[in-house]
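Coordinates in review
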Amino acid sequence: MSAWASWTLVIGGVALLLAPSIAVLLGWRPNRLARPGAPARLLGGAGVMLYGAVLTNEAARLAEASSAAREACSLVALGLVGFSIAFVIIYDFRAVRPSRSGRR
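Criteria and thresholds
Residues numbered from 1 in each chain as written. Predicted model: local features only at pLDDT ≥ 70, side-chain atom pairs only at ≥ 80, totals over all residues. Heavy atoms only, no water. Helix = DSSP H or I, 4+ residues; strand = E, 2+ residues; numbered from the N terminus. Buried < 20%, exposed > 50% of the residue type's maximum accessible area, 1.4 Å probe, protein only. Expected span 1.5 Å × (residues − 1). Bend = angle between axes of the 7 residues up to and from the residue. Contact = heavy atoms within 4.5 Å. Axes fitted to C-alpha atoms, helices over the stretch in contact; angles between N-to-C directions. Parallel < 35°, antiparallel > 145°, perpendicular 65-115°, else oblique. Nonpolar A, V, L, I, M, F, W, Y, C, P; charged D, E, K, R; others polar.

Notes on the overall build of the protein chain
- If you tally the helices and strands in the protein chain, you get three helices and zero strands.
- Secondary structure elements of the protein chain, listed N to C terminal, follow the sequence α-α-α.
- Dimensions of the protein chain, computed from the C-alpha atoms along their principal axes, are close to 60 × 25 × 25 Å.
- Every one of the 104 residues in the protein chain was classed for burial, and the buried ones make up 26%.

Observations regarding helix 1 (residues 3-25)
- Between its terminal C-alpha atoms helix 1 stretches 31 Å, which fits the 33 Å expected from 23 residues at 1.5 Å a residue.
- The axis of helix 1 is deflected most strongly, by about 45 degrees, at Val-14.
- Turning to helix 1, the residues buried within the fold contact helix 2 (41-62).

Structural notes on the packing of helix 2 against helix 3 (residues 67-94)
- Contact geometry for helix 2 and helix 3: axes closest at 8 Å, N-to-C directions at 170 degrees. It follows from the interaxial angle that helix 2 and helix 3 lie roughly antiparallel.
- In the contact of helix 2 with helix 3, the residues fall into 17 nonpolar, six polar and two charged.

Quick look at the structure:
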């Protein structure tokens, strides 16, 4: 991958992933995330971890690290993606489902 592609991922990740995730961690709650009982900060943490995975993977490439270091960074990034997925699953289970008792 070229350096331009790596920089695009890092900078695009800041704008599209890190900034909204930090806003959610600081208390911003978009209408789409307004589920009763669900801690939206879990989604913010998942986004920050996902950006950490991108940064970990691309920083090794930009620094032109050895193949062993790049492989280690890729494994760390894979672990961060796994934790991010776990946070989203926990968020979904913690959300209170609307009751269907009112339906006929």
